[in-house]
Amino acid sequence: MVKITVDDKVFEVNPDNNLLEEILSQQKDLPYFCWHPALGSVGSCRQCAIIEYANDEDKRGRQVMACMTSPRDGARYSIENASQFRAQAIESIMTKHPHDCPVCEEGGECHLQDMTVMSGHTYRRYDGKKLTHTNQDLGPFIGHEMNRCITCYRCVRYYKDYAGGTDFGPQASHNHTYFGRFEEGALESEFSGNLVEVCPTGVFTDKVFSKHYSRKWDLQSAPSICTGCSVGCNTNPGERYGTLRRVVNRYNDQVNGYFLCDRGRFGAGYVNSNERLVDCMSRDTHDGRPSAITAEAAAEALQKLKGQAIGIGSPRASLEANLALRDFVGTQNFYAGVSDSELALYQQVLNIYSSKAVHVASIKDIEQADAVIILGEDVTNTAARIALGLRQSVKNLGKAMAAAMKFPQWHDAAIRTLAMDKRSPLYVLSPVATRLDDVAMHVHISDVAGIARIGMALANALNPAAPAVHELSQEEASQVAGMAAALKAAKRPLVVSGTSLFSADVLAAAGNIANALGSSDKPCDLALVVPEVNSLGLTMMVGPEGKALEAAMRVGAKQAVVLENDLYRRTVNSEVTNFINGLDILAVLDHLQNKTGEAANLVLPAATFAESAGTYINYEGRAQHYYSVFKAKAPIQSSARWLSGKATFELTEALTNVIPNGQRLLSLTPGHEFTFEGMRFPRQHHRYSGRTAMRADINVHEPKQEQDEEGIMSYSMEGVPPTKDATVFNSPWSPGWNSNQSLFKFQDHTGGKLRQSTQGVRLIDATSDQSFSASTISAHTHDGFTAVPLYQLFGSEELSARTESIDARSSSGYLALSPVDASKLGLGATDGVAIHGADSLPYLIRKSLKSGTVGVSVGLNGVDIYSYLYTGLALSKAENWVAPKTWCPENIIISDAQAADERG
């Protein structure tokens, strides 16, 4: 640490950071545009100018850019004395800006507004003609208003340099620079939505939000968790008059940091869907017509099943809702709501995590890895935020090179120039090309058994105590030797895998590699991806002896309660139909209409994440609490309330005796009785507009303010502001900082932990000694094609697929074939493929697939993946084939490197 003086005040700062970062960390105000804590410094906007003095006698000093300057011990700096230059700089920037604040969607959260006022530019002298641009259609997610651009280059630095996008960049030069695509079309990056928050002006806007726009200060919000995958990114959903309007990132330095994937940002529109269940309904028979009933009658009918029915839980429901169902039916009658094979995989994940040689990697850990191996997991499509973290990990070689040459780590442009195309090693073992192939040192395409075999061999090469594998080819043996050398040489090696291939052998191989690399003193980083937001939470609740869906189907029950779960997405469809037909009464609690609900005798509308509170456990065993954003319209209420009548906090407290290390859950919130000087935490902005005429056609009187009977947040603008107490950190705001850039006011240092808000708590402890799983790998011996699951970021996840904007980027179900197999089947470009002479699907060609392997899309309409996983597929050319209208091959995300020649 060094001491510096800024405007006659002495501060102790970190010399490894740039001066702007340290000044902001001291809670002082200094304008900036081009700098971003996740992107580093390039010094292009000239807005953070300060005066540096050579010594105590120097009265004139020299002007430097704070973002491009390292703090010097004993140095004196002045922010105030450079104010005239900063005012001139912002005036120059604003000469081309349209000054359209009254109609700009960035209004109320505009960093440009904040910095203009802060820099002292209050009078417009320029009266010349402004340069204008033609905007582009950038797809269903992002709006484009190029005239507002101030040429800070943040957008391209994020999109291209940070997120790895290749279809967006600067055009022309000087003050004619245009940021967009070579031609109109949807932005291809899975992380394009972050442009909305990265841009300091209103150039890039949330097009989904624009369709039902409300001023930012009129949105009601609360801390929440994304339900799109198992990463558990922190979000801030915004609501207005009972409609979810948008989702923005909520900072958590250990999980999502500053960024979300596009599924998480744009995939919550199902909350407003026309397919929402909004009434209680009953049917006399499973195929009968439903009739609406009162909430009282529905509650009474549900209570008659208490203790008499079996309960089927859900990995997309909260811990509290699953506990309420377990208490409702009894522990012995509670089933996990996933297939037997999947539950076994999730339990295997927990067992691997318990090794003392393993450290479960957060996103922040992933970004710091200097050698990575991915076994069989297409993380871009199954856990996209991890993929973004991996894109940062390959840059660590450049940072190491910079450190050796004593370059500062914040100097983004210098490090990229130094590193050029040199990257930290990333190895990908996959059945098919992935979106991370462009940054991988080596990609090995194999079937599932081959991936597991190479993984086991790698573990043995790293540690001879691991089981040996003998049937490797010479090429495979050479690859294993190369990977072993790179991983051994790494300071922070990382192993990434998951359950997406439904393979216990692949998981075992990942665990063996991590155990071979790690020890009790220096555990190896490991990340194992599971499918849904609470997959591990559900598994921890049922315990090692837990029973899954097939067990529920075999028990012969006549009554069943299904919690937020479409059983047809969980196992073989014909078996689900037989199970339902054998029931006298099927009760379903869910948000949306689905196939299971269409056969239910009793349907109760359940609140979504935006209308309820609860706890999820992510892929790393991190428990995180979320709060309701708004109250659902009656009779909709949370599943936990339908089943137990208890408040959320009561169920959270009860979980302490159910979940391993459950007492840690109590630290997720400050307690339901917590207040600050008698005040709760407000969901609404302190500039909330209050009464409007929006409901005048219903009633001229404004309705009474909603009351939160079970939480520590109020449905109003009244309460403790975050600047006073951020124990429950909702959204950032500080005087003079209306944009999300005000976040640094709440961090212990820029880019660091939030000072008061929780990061979540990890519940998994390493308790078992280092051990290796025995190799049980055997090649498939069945006839026909071997199925490999293929996932899509847009469409494979159940709830987000029911969102209009996500649906615009998704497709119907399909098969993927190698060119050799397509030729053998005699398939033309407009043909379809029949499976076992029955189900017919469109196909596309993937050159990376091995012959004899067929990729089967997961979660997309028209595909029952569980019917195909464990048996050989007989494929043929479909007769009288007509492609479904929803077949959109251009929406299927594949690797950039092979995109041109792999689309069918």
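Shown above is the structure to which this text applies.
Bear in mind the structure is a predicted one, so any value in this text is a computation, not a measurement. Residue positions are given per chain, counting from 1 as you read along its sequence in written order. Local features in this predicted model are restricted to residues whose pLDDT is 70 or higher, and side-chain atom pairs enter the listing and the counts only when it is 80 or higher, whereas totals over whole chains, interfaces and linings include all residues. As a rule here, side-chain values cover all heavy atoms of the structure and leave hydrogens and water aside.

K.L.:
Looking at this model, I keep getting lost on the sheet that holds strand 31 (residues 761-762). Mind explaining?
P.N.:
Strands belonging to one sheet form pairs held by backbone hydrogen bonds; the direction of such a pair is parallel or antiparallel. Being paired, for any two strands, means DSSP has found at least two bridges between them. Secondary structure elements follow DSSP: runs of H or I of four or more residues count as helices, runs of E of two or more count as strands, with numbering from the N terminus. The strand order 27-28-31 describes an open sheet built from 3 strands, whose pairing is antiparallel. The open sheet has two edge strands with one neighbour each: strand 27 (614-617) and strand 31. Relative to strand 28 (residues 622-626), strand 27 is paired through 4 bridges, and the arrangement is antiparallel. Bridge pairing in strand 28 places Gly 614 opposite Tyr 626.

K.L.:
Help me out: how do you make sense of the nonpolar core in this one?
P.N.:
Side chains that are nonpolar tend, in soluble globular proteins, to be buried together. Remark: nonpolar core denotes a set of buried residues (Ala, Val, Leu, Ile, Met, Phe, Trp, Tyr, Cys) joined through side-chain atoms within 4.5 Å. Each residue's exposure class comes from its accessible area (1.4 Å probe, protein chains only) as a fraction of the maximum for that residue type: buried when under 20%, exposed when over 50%, partly exposed otherwise. By size, the foremost hydrophobic cluster in this structure holds 164 residues, and its most contacted members are Ile 373, Ile 386, Leu 390, Val 561 and Leu 875. With 10 residues, the top contributor of residues to this core is helix 16 (residues 448-462). Among all residues touching Leu 875, those that are not within four sequence positions of it are Phe 785, Leu 815, Leu 817, Leu 825, Val 833, Ala 834, Ile 835 and Val 854. One finds Tyr 159, Ala 163, Cys 199 and Leu 793 within the second-largest nonpolar core, a separate group that totals 38 residues. Note on contacts: a residue pair qualifies if any of its non-hydrogen atoms lie within 4.5 Å across the two residues.

K.L.:
Looking at this structure, how should I read the pairing of strand 12 (residues 234-240)?
P.N.:
Successive side chains on a regular strand alternate, one facing one side of the sheet and the next facing the other. By the criterion of burial, strand 12 is predominantly enclosed, with 7 of the 7 residues buried. Burial along strand 12 is two-sided: Asn 234, Asn 236, Gly 238 and Arg 240 facing one way and Thr 235, Pro 237 and Glu 239 facing the other are all buried. Pairing between strand 11 (residues 224-225) and strand 12: 2 bridges, direction antiparallel. Bridging across to strand 12, Ile 225 finds its partner in Asn 234. Examined bridge by bridge, strand 12 and strand 13 (residues 243-249) share 6 bridges and lie antiparallel to one another. Within strand 13, the position partnered with Glu 239 by the bridge is Leu 244. Counted between consecutive antiparallel strands, the loop separating strand 12 from strand 13 contains 2 residues, among which Tyr 241 sits at a positive phi close to 50 degrees.

K.L.:
How do you make sense of the sheet that holds strand 25 (residues 585-590) when you look at a structure like this?
P.N.:
Strand order in this open sheet of 7 strands is 15-14-26-25-24-16-17, and the pairing throughout is mixed. Only two strands of the sheet have a single partner each, and these edge strands are strand 15 (291-293) and strand 17 (334-335). Note that strand 16 (residues 310-312) and strand 24 (residues 559-563) share 3 bridges and pair parallel. Of the residues in strand 24, the one forming a bridge with Gly 311 is Val 561.

K.L.:
What should I look at first to understand the packing of aromatic side chains in this one?
P.N.:
The geometry of an aromatic ring pair comes down to the distance between the two centres and the angle between the two planes. Between 30 and 60 degrees the pair is tilted, below 30 it is stacked and above 60 it is edge-to-face, where a pair is any two Phe, Tyr or Trp rings, Trp via its six-membered ring, whose centres lie within 6.5 Å. All told, the structure shown has 20 aromatic pairs when counted by the stated rule. Centroid distance Tyr 162 to Phe 259: 5.0 Å. Interplanar angle 55 degrees. Geometry classified as tilted. Taken together, the residues Tyr 162 in helix 4 (residues 154-162) and Phe 259 in the loop between strand 13 and helix 7 (262-266) connect sequence positions 97 residues apart. Per residue, the accessibility class of Tyr 162 equals that of Phe 259, and both read buried. Three or more aromatic residues joined by ring pairs make a cluster, and in this case those are Tyr 158, Tyr 162, Tyr 251, Tyr 258 and Phe 259. In our convention, an over-ring charge means Lys NZ or Arg CZ found within 6 Å of a ring centre and within 35 degrees of that ring's normal. The ring centre of Tyr 568 lies 4.4 Å from the NZ or CZ of Lys 595, which sits over that ring. For Arg 683, the ring lying beneath its charged end belongs to Tyr 715, and the centroid distance is 3.9 Å.

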